[in-house]
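# Observations on the model geometry
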Amino acid sequence: MSSSGRNSGANSPLSFADKAAETIQKNFRGFKDRLKVREKAAFNIQQLIEYSEEQDHLNLNKFFLRWIKLIKHTDNEEINRYISSSIQDDFMKISESEIKIESNYTGIHLSEEFNQDDFEKLVNSFRNEQILHTRYVIMILNRAIDYLKSLPNINEINCIEDPEPEDKDNEFKVNVVGDLHGQFIDLYTIFDLNGFPSKKNIYLFNGDFVDRGAQQCEVLLTLLYGLVLYGGKYNSFFLNRGNHEDYGCSVRFGFKEEVMTKYCLYSKLLMKKCAQVFVLLPLMSMVYQKNNKHQINRILVVHGGISKDTDLNLIMSLERSKFPSLDGIYSGSTEKERREKQQMQDLLWSDPQSSLGCTFNRQRHIAKQ
């Protein structure tokens with residue numbers, strides 16, 4: 001009787017269900033493990049393709065610059081002047097008021113006074129793939145250039161001094177956003193999920209806003225409008241420069257082509273202004289916050305990385321707008337300039353590595369690893 005009961009229990013529907021569930025869980029865990037391996041392999045392949053593409057463009061750029069040097073019999077200083085002529089102030093002196101808005105323009109209109117209503121209107125219009133009028137594009141770029149000139153090389157994000165001490169329910173939140181690369185739908189989704197910037201809802205965009213995506217102009221213009229509005233009003237909007245915020249990269253990786261397509265008549269002027277925006281972007285950010293023990297933590301956020309040669313004092317004091325492109329062959333006419341350029345290359349182009357130490361980045365052939 002007892003034996004029969006045990007046999008009956010062993011073949012009961014419950015035991016079959018348990019075994020089936022165990023088999024399903026085992027297979028599912030195996031599927032997740034295989035998926036992780038495939039995702040890692042896909043990421044590594046994508047990274048290698050990206051490195052290869054960047055390296056091809058970099059070598060081509062160096063090749064032509066060397067030919068320029070040989071043909072013109074110039075020195076490094078003259079080559080730098082040749083490149084930087086693209087962003088000289090002489091070409092910048094045009095006001096948005098000089099550009100008329102056509103009667104058949106159906107896009108949004110923006111006030112000269114930056115405000116949140118216009119920011120939301122701008123975001124929604126870009127979500128609907130509308131093209132902003134050149135007059136407003138130049139207005140945003142001019143205001144951004146003026147604002148960026150007032151910023152230090154290192155942003156300071158203060159999460160210690162509460163601007164709204166009476167509001168105890170909402171704590172500081174810093175949203176750090178990585179490479180958008182012209183994907184405006186990603187930016188729109190980020191705002192949708194996390195809310196627009198405010199005194200306690202801080203945004204830090206950590207470089208690589210342009211190149212590759214379909215709405216590079218729209219991403220850059222949204223970020224620059226937000227920087228002027230929320231950076232100036234609440235000190236809650238920050239931008240770090242990435243390695244693609246570089247005149248050379250923007251010409252080769254698609255940003256210039258998009259500007260020419262969308263703003264053909266004024267594309268040359270807009271590229272010059274964008275190039276000036278790029279060189280004026282801060283190089284990194286320092287976030288100050290209190291931990292549970294009321295001690296102050298300092299968190300460094302940078303697009304590329306730091307190396308054994310990183311010198312914060314030199315970074316804080318260098319003239320960041322001096323080098324229009326960081327991937328050219330020009331290395332500086334003095335030892336100080338060479339060190340400054342190397343500091344900036346390391347900050348914007350370095351990559352992490354799995355092993356300990358700091359070595360030359362052989363995959364990119366620039367900066368450290």
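Everything discussed here concerns the structure shown above.
This text gives an overview of the structure that appears in the document. If you're wondering where the values come from, they're calculated on a predicted model, not measured in any experiment. (Residues numbered from 1 in each chain as written. Predicted model: local features only at pLDDT ≥ 70, side-chain atom pairs only at ≥ 80, totals over all residues. Heavy atoms only, no water.)

### Concerning the overall build of the chain
Within the chain one finds 12 helices and six strands. Scored against the burial criterion, the 369 residues of the chain give a buried share of 46%. Looking at the chain as shown, the accessible area adds up to about 20,400 Å², and 51% of this sits on carbon and sulfur atoms. (Helix = DSSP H or I, 4+ residues; strand = E, 2+ residues; numbered from the N terminus. Buried < 20%, exposed > 50% of the residue type's maximum accessible area, 1.4 Å probe, protein only. Areas by Shrake-Rupley, 256 points an atom, 1.4 Å probe, with all protein chains shown as cover.)

### Here's the deal with helix H4 (residues 116–127)
Here H4 is 12 residues long and its end C-alpha atoms lie 16 Å apart, about the 16 Å a rise of 1.5 Å per residue gives. The inward-facing, buried residues of H4 abut helix H5 (134–148), helix H6 (184–194) and helix H7 (216–233). Of the residues trailing H4, Glu 129 is marked for its positive phi of about 60°. (Expected span 1.5 Å × (residues − 1). Contact = heavy atoms within 4.5 Å.)

### Describing the packing of H7 against helix H9 (residues 255–262)
Two numbers describe how H7 lies on H9: the axes approach to 9 Å, and their chain directions differ by 95°. If you check the angle between H7 and H9, you find them roughly perpendicular. Where H7 abuts H9, its residues Gln 216, Cys 217, Glu 218 and Leu 220 lie against Phe 255, Glu 258, Val 259 and Lys 262. A breakdown of the residues in the contact of H7 with H9 according to their chemical character gives four nonpolar, one polar and three charged. (Axes fitted to C-alpha atoms, helices over the stretch in contact; angles between N-to-C directions. Parallel < 35°, antiparallel > 145°, perpendicular 65-115°, else oblique. Nonpolar A, V, L, I, M, F, W, Y, C, P; charged D, E, K, R; others polar.)

### Details of the environment of Gly 304
Relative to the assigned elements, Gly 304 resides in the loop between strand E6 (296–301) and helix H11 (312–317). Placed 97 residues apart in sequence, Gly 304 and Gly 207 show a C-alpha to C-alpha distance of 9.1 Å. When residues no more than four places from it in sequence are discounted, the contact partners of Gly 304 are Asp 346, Leu 347, Leu 348, Trp 349 and Ser 350.

### Focus: the sheet that holds strand E1 (residues 154–159)
In space, the three strands of this open sheet follow the order E1-E5-E6, with mixed pairing throughout. The outermost strands of the open sheet, each flanked by one partner alone, are E1 and E6. With strand direction ignored, the average angle separating the axes of adjacent strands in the sheet is 20°. As paired elements, E1 and strand E5 (residues 284–290) share six bridges and run parallel to each other. (Pairing = 2+ DSSP bridges.)

### Regarding unusual backbone geometry
Backbone geometry places Glu 129, a non-glycine residue, at a positive phi of 60°. The topology assignment puts Glu 129 in the loop between H4 and H5. Residue Glu 129 is classed as exposed on the basis of its relative accessible area of 63%. Within the chain, Asn 235 stands out as a residue other than glycine whose phi angle is a positive 55°. Along the chain, Asn 235 falls in the loop between H7 and strand E4 (237–240).

### A look at the packing of H6 against H7
If you want to describe how two helices pack, look at the angle between their axes and the distance between the axes. Where H6 contacts H7, the two axes come as close as 9 Å, and the packing angle between them is 35°. Between H6, through Phe 184, Leu 187 and Phe 191, and H7, the contact on the second element is made entirely by Glu 218, Val 219, Thr 222 and Leu 223. In terms of residue class, the contact of H6 with H7 is made up of five nonpolar, one polar and one charged.

### Brief notes about the sheet that holds E4
The strand order across the open sheet formed by three strands is E2-E3-E4, and the pairing between neighbours is parallel. Among the strands making up the open sheet, the edge pair consists of strand E2 (173–177) and E4. The sheet shows a mean angle of 15° between the axes of neighbouring strands, direction not considered. Judged from the four bridges that link them, strand E3 (residues 201–206) and E4 form a sheet pairing that is parallel. Residue Phe 205 lies in a different strand from E4, and its bridge partner there is Leu 239. Contacting E2, E3 and E4, H6 runs over the sheet at an angle of about 160° to E3.

### A few points about the packing of aromatic side chains
Applying the stated criterion to the full structure yields 15 aromatic pairs. Relative to Phe 191, the ring of Phe 119 has its centre 5.8 Å away and its plane inclined at 80°; by these criteria the two rings are edge-to-face. Of the two residues, Phe 119 is situated in helix H4 and Phe 191 in helix H6; the sequence distance between them amounts to 72 residues. The pair formed by Phe 119 and Phe 191 is uniform in burial state, with each residue classed as buried. (Phe/Tyr/Trp six-rings, centres within 6.5 Å; stacked < 30°, edge-to-face > 60°.)

### Examining the nonpolar core
Judged by nonpolar contacts, the single largest core of 58 residues is most densely connected at Leu 132 and Phe 205. Listing elements by their share of this core, those giving two or more residues are H4, H5, H6, E3, H7, E4, H9 and helix H10 (267–280). For this core, the element with the most residues is H7, which contributes 11 residues. In this view, Phe 205 contacts Val 177, Leu 180, Leu 187, Phe 191, Leu 223, Phe 237, Phe 238, Leu 239 and Asn 240; residues no more than four positions away in its chain are not counted. Counting 15 residues, the second largest nonpolar core, distinct from the first, contains Ile 154, Phe 253, Leu 283 and Met 286. (Core = buried A, V, L, I, M, F, W, Y, C linked by side-chain atoms within 4.5 Å.)

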